[in-house]
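# Structural overview
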Amino acid sequence: MDTWWRDRLRGAEDRKTASACARDYALSAVAALLIVAVPVADLFLPTDIHVAHILVVPVALVAAFAGPLRGALTALLAVLALVAAGIERDAVTTQNVLVQLASLVLVSMLLVVFALSSERGRHELASERRISEAAQRVVLRPLPCRSGPLTIASAYRSADDGARVGGDLYAVARTANATRLLIGDVCGKGLNSLGETETVLGAFRAAAHRQVPLPELVASLEASLRWDLVEFCDTPAEADVGERFVTAAVVEVPDDEPCVHVVSCGHLPPLLLHEGRATLLDVADPAPPLGLGTLAESTYAPSTFPFVGGDQMLLYTDGLTEARDAEGGFYPLKERAAGLTGSGPATLVQAVTRDLLDHTHGPLCDDMAVVALQREH
């Protein structure tokens, strides 16, 4: 289910592409008819009325919206139409027609060059999107649909247009008898946060599958991020400014115990859905965000909550809860989620993301990630 959002975007892009092709063909046909109409109209208009100057209009429209090739063909047709109109009036060699012809050729060349530059930019953007998708598959890997007793689904959206990965992150790892999940939010958004995203995910994947206790796992994430911040700053003091950090929640679900262990590093509390009720799993003693561990001592002691068969849980970032409607109201996740539970995590993620889009009536302004879990037994 973590591909649902991406598939939605791809479907919209495919529909947009089909619509653009139909528009280009229609525009080219209308432009051709308009160009042909110029010499035909000259047969019936008085000799002191000239309409040849409008030939540049269809050339400009086709070049701008249908691309340089169709623009060049339209320009050639327009030049032939102007020559035909001049021949009809025995004026093809007159100064007036020659100036019009030269102007049409010059303007058409500029329009085609501009269209060629725009098309090259679109191709570069498409290439960047493909690279971004490849980066997401490497950095933000798709989550498994099943892990131990859990069914899992997720959705992700970056704040940067065309980007598929940014400052929100999630990951899943298996130990011998439990499933561990990480969700986090880098201070910042979009591609500028990619460095911290990769560091935290890499550290989690390297350590989470080991049999170390949960506090040691979180401590290793803190150490890895602190090392990364110091390593890439000119001076250690720059890393202590407090402007680069990652809020995170690490969750462990044992296979044989009806509970969940949560360590929160300044992150939003998981939302437990049990028998139609939504409950925030507030940790009693949250630790500072990753990267700020030196500001306060923490043992990263986990808090334990009931999590029985049939229960669902939502892990999310503030791109979901801080999304605003037209009046500036935040998205009420706790109130909405209780009424959106369905037959499984995939249905829940779809329902929440659709409801979020209905709430905002427009694009999201921040990275957004949501992971849904359901305990099957």
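Residues numbered from 1 in each chain as written. Predicted model: local features only at pLDDT ≥ 70, side-chain atom pairs only at ≥ 80, totals over all residues. Heavy atoms only, no water.

Rolled over the atoms, a probe as big as a water molecule pinpoints where empty space is left. If you walk through the whole model with that rule in mind, you get one cavity of 30 Å³ or more. Of the pockets and cavities examined, the largest cavity occupies roughly 90 Å³. Along the walls of the largest cavity sit Asp42, His50, Ala52, Leu82, Ala85, Gly86, Arg89, Ala91, Asn96, Val97 and Gln100, which together make up its complete lining. Among the residues forming the lining of the largest cavity, the class breakdown is five nonpolar, four polar and two charged. (1 Å grid on protein atoms, 1.4 Å probe; cavity = no way out; pocket = protein on both sides within 12 Å on 5 of 7 lines; lining within 4 Å. Points joined across faces, edges and corners; volume = space filled by probe spheres on them. Nonpolar A, V, L, I, M, F, W, Y, C, P; charged D, E, K, R; others polar.)

What follows is about the pattern of salt bridges. For the structure on display, the rule yields three salt bridges. Notably, a salt bridge pairs Arg174 with Asp255, separated by 2.8 Å at the nearest N-O pair. Taken together, the positions of Arg174 in strand 3 (residues 168-174) and Asp255 in the loop between strand 5 (246-254) and strand 6 (259-265) put the pair 81 residues apart, joining distant regions of the chain. A residue is classified by how much of its surface remains accessible, and Arg174, at 32% relative accessible area, is partly exposed. Residue classification places Asp255 among the buried residues on the basis of a relative accessible area of 17%. A salt bridge links Asp355 to Arg336; the shortest N-O distance between them is 2.6 Å. In this pair, Asp355 sits in helix 10 (residues 345-360) while Arg336 sits in helix 9 (residues 333-337), placing the two residues 19 residues apart along the sequence. On the accessibility criterion, Arg336 (30% relative accessible area) is partly exposed. (Salt bridge = Lys/Arg side-chain N within 4 Å of Asp/Glu carboxyl O. Helix = DSSP H or I, 4+ residues; strand = E, 2+ residues; numbered from the N terminus. Buried < 20%, exposed > 50% of the residue type's maximum accessible area, 1.4 Å probe, protein only.)

Bridge count for strand 7 (residues 271-274) against strand 8 (residues 277-280) is four bridges, and the pairing is antiparallel. If you follow Leu271 over to strand 8, its bridge partner there is Leu280. Hairpin connection between strand 7 and strand 8: a loop of two residues separates the two successive antiparallel strands, and Glu275 in this loop has a positive phi of roughly 50°. Sheet analysis places strand 7 next to strand 10 (residues 312-316), joined by three bridges and oriented antiparallel. (Pairing = 2+ DSSP bridges.)

With five of five residues buried, strand 10 lies mostly within the body of the structure. What you see with strand 10 is no split at all: Gln312, Leu314 and Tyr316 on one side and Met313 and Leu315 on the other are buried throughout. Sheet analysis places strand 10 next to strand 11 (residues 368-375), joined by five bridges and oriented antiparallel. Residue Leu314 lies in a different strand from strand 11, and its bridge partner there is Ala372.

What follows is about the sheet that holds strand 1 (residues 146-147). Overall, antiparallel pairing links the six strands, which are arranged 1-2-11-10-7-8 in an open sheet. The open sheet terminates on both sides in strands that have one partner only, identified here as strand 1 and strand 8. Together, strand 2 (150-157), strand 7, strand 10 and strand 11 form the strand contacts of helix 10, whose direction differs from that of strand 11 by roughly 150°. (Contact = heavy atoms within 4.5 Å. Axes fitted to C-alpha atoms, helices over the stretch in contact; angles between N-to-C directions.)

This part is about the layout of surface pockets. Roughly 180 Å³ of volume is contained in the second largest pocket. Every residue along the wall of the second largest pocket is listed here: Gly319, Glu322, Ala323, Arg324, Thr360, Gly362, Pro363, Leu364, Cys365 and Asp366. Residue composition of the lining of the second largest pocket, by class: four nonpolar, three polar and three charged.

Here the focus is unusual backbone geometry. Positive phi, close to 50°, is recorded for Glu275, a residue that is not glycine. Mapped onto the elements, Glu275 comes out in the loop between strand 7 and strand 8. According to the relative accessible area criterion, Glu275 is exposed, its value standing at 65%. Phi is positive for Tyr300, which is not a glycine, with a value near 55°.

What follows is about helix 3 (residues 68-88). Between the first and last C-alpha of helix 3 there are 30 Å, a value that for 21 residues agrees with the 30 Å anticipated at 1.5 Å per step. Listed in full, the buried residues belonging to helix 3 are Pro68, Gly71, Thr74, Ala75, Ala78, Val79, Ala81, Leu82, Ala85 and Gly86. Buried residues of helix 3 fall within an arc of 160° about the axis and therefore sit on the same side. Facing away from the buried side of helix 3 by more than 90 degrees, the exposed set consists of Leu69, Leu73, Leu76, Leu80 and Ile87. (Expected span 1.5 Å × (residues − 1). Arc of directions from axis to C-beta.)

For the rest of this paragraph, the subject is the nonpolar core. Residues Leu181, Leu182, Phe204, Val260, Leu290 and Val371 are the most contacted members of the largest nonpolar core, which totals 49 residues. Setting aside residues up to four positions removed in sequence, Phe204 forms contacts with Ala171, Val172, Ala173, Arg180, Leu181, Leu182, Leu217, Leu221 and Val250. The next biggest cluster of nonpolar side chains, apart from the first, holds 20 residues, and it includes Ala153, Ala155, Ala337 and Ala372. (Core = buried A, V, L, I, M, F, W, Y, C linked by side-chain atoms within 4.5 Å.)

Spatial strand order, 3-4-5-6-9: five strands in an open sheet with antiparallel pairing. Edge positions in the open sheet fall to strand 3 and strand 9 (303-306), since each of these has one partner strand only. Taken over all neighbouring pairs, the strand axes of this sheet differ in orientation by 20° on average, direction set aside. Pairing between strand 6 and strand 9: four bridges, direction antiparallel.

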